Amino acid sequence: NPAQAATPADPAQAANPADPSDQPSTPSSSTELQSTSLEPDPLLASCDAVIEAAKYDTMSGIQVQGSTESMDNIGWLDPGDWVEYSVSIPSAGSYTMDFRVASPEGWGSFDVLNGGAALTSIPTLPKSSGWQDWKTVPRKVSLSSGPTNLRINILNGGFNLVWICLTRA
């Protein structure tokens, strides 16, 4: 089952690293998880859907940079920063959410909300050997079908995020 990218409703909302903004941008509409295909990436091949971290709908306080993965990552994350993705979940049920992160000091933590309700928390991250040395952090979650807003609230910075893989359990 090839991975499918979840893209922002309005690509013009993507962050510009030369002009970071602490003001939230506004989402336009929900994005279907079954949109365009990503370039082949063996780690993403088993994902039912992929959310590219840099292709958000709205955010506060983050920046985007190129990465060693097949897409850009978000970084320069501080406590209180957040990012939201409008997605449509194709079917209700149990999913594994894999978060692809890099954290040279093993710092960083974040909460994930689904439509404003707590979905999961990542209290610690694995230490990596650099800002582009990627590790995958899995979490089991239960999702309802249909459109929703997934929000990541940064509790502690010190990490980059490049993608979130959703795999039906």
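Worth saying up front: this structure is predicted, and the values here are computed from it rather than measured.

*Asks:* Help me out: how do you make sense of the overall build of the protein in this one?
*Replies:* Helix and strand counts for the protein come out as zero helices and 13 strands. Overall, the protein shows an N-to-C arrangement of helices and strands of β-β-β-β-β-β-β-β-β-β-β-β-β. Looking at the protein as a whole, 50% of its 169 residues qualify as buried. Contacts in the protein between residues far apart in sequence, at least 24 positions, make up 78% of those at least 6 positions apart.

*Asks:* Where do I start with the confidence of the model for the protein in this structure?
*Replies:* Note that predicted coordinates carrying low pLDDT should not be read in detail. Of the residues in the protein, 76% have a pLDDT of 70 or more, and the chain-wide mean is 82. Across the protein, element-level confidence peaks in strand β9 (residues 109-114) with a mean pLDDT of 98 and bottoms out in strand β2 (residues 31-32) with 40. In this model, residues 1-38 is a region of pLDDT below 50 whose contacts with residues beyond four sequence positions or in other chains number 102 contacts.

*Asks:* Would you take a moment to explain the packing of aromatic side chains for this structure?
*Replies:* The relative placement of two aromatic rings is captured by the distance of their centres and the angle of their planes. On inspection of all chains with the given rule, the structure shows two aromatic pairs. Taken together, a centroid distance of 5.3 Å and an interplanar angle of 70° make the contact between Phe 99 and Phe 110 edge-to-face. Highlighted residues: Phe 99 in strand β8 (residues 93-102) and Phe 110 in strand β9, separated in sequence by eleven residues. Each member of the pair, Phe 99 together with Phe 110, is buried. Connected via pairs of aromatic rings, a cluster forms that spans Phe 99, Phe 110 and Phe 159. The ring of Trp 82 has Arg 151 lying over it, and the distance from NZ or CZ to the ring centre is 4.0 Å.

Definitions and cut-offs
- Residues numbered from 1 in each chain as written.
- Predicted model: local features only at pLDDT ≥ 70, side-chain atom pairs only at ≥ 80, totals over all residues.
- Heavy atoms only, no water.
- Helix = DSSP H or I, 4+ residues; strand = E, 2+ residues; numbered from the N terminus.
- Buried < 20%, exposed > 50% of the residue type's maximum accessible area, 1.4 Å probe, protein only.
- Contact = heavy atoms within 4.5 Å.
- pLDDT = per-residue confidence, 0-100.
- Phe/Tyr/Trp six-rings, centres within 6.5 Å; stacked < 30°, edge-to-face > 60°.
- Lys NZ or Arg CZ within 6 Å of the ring centre and 35° of its normal.

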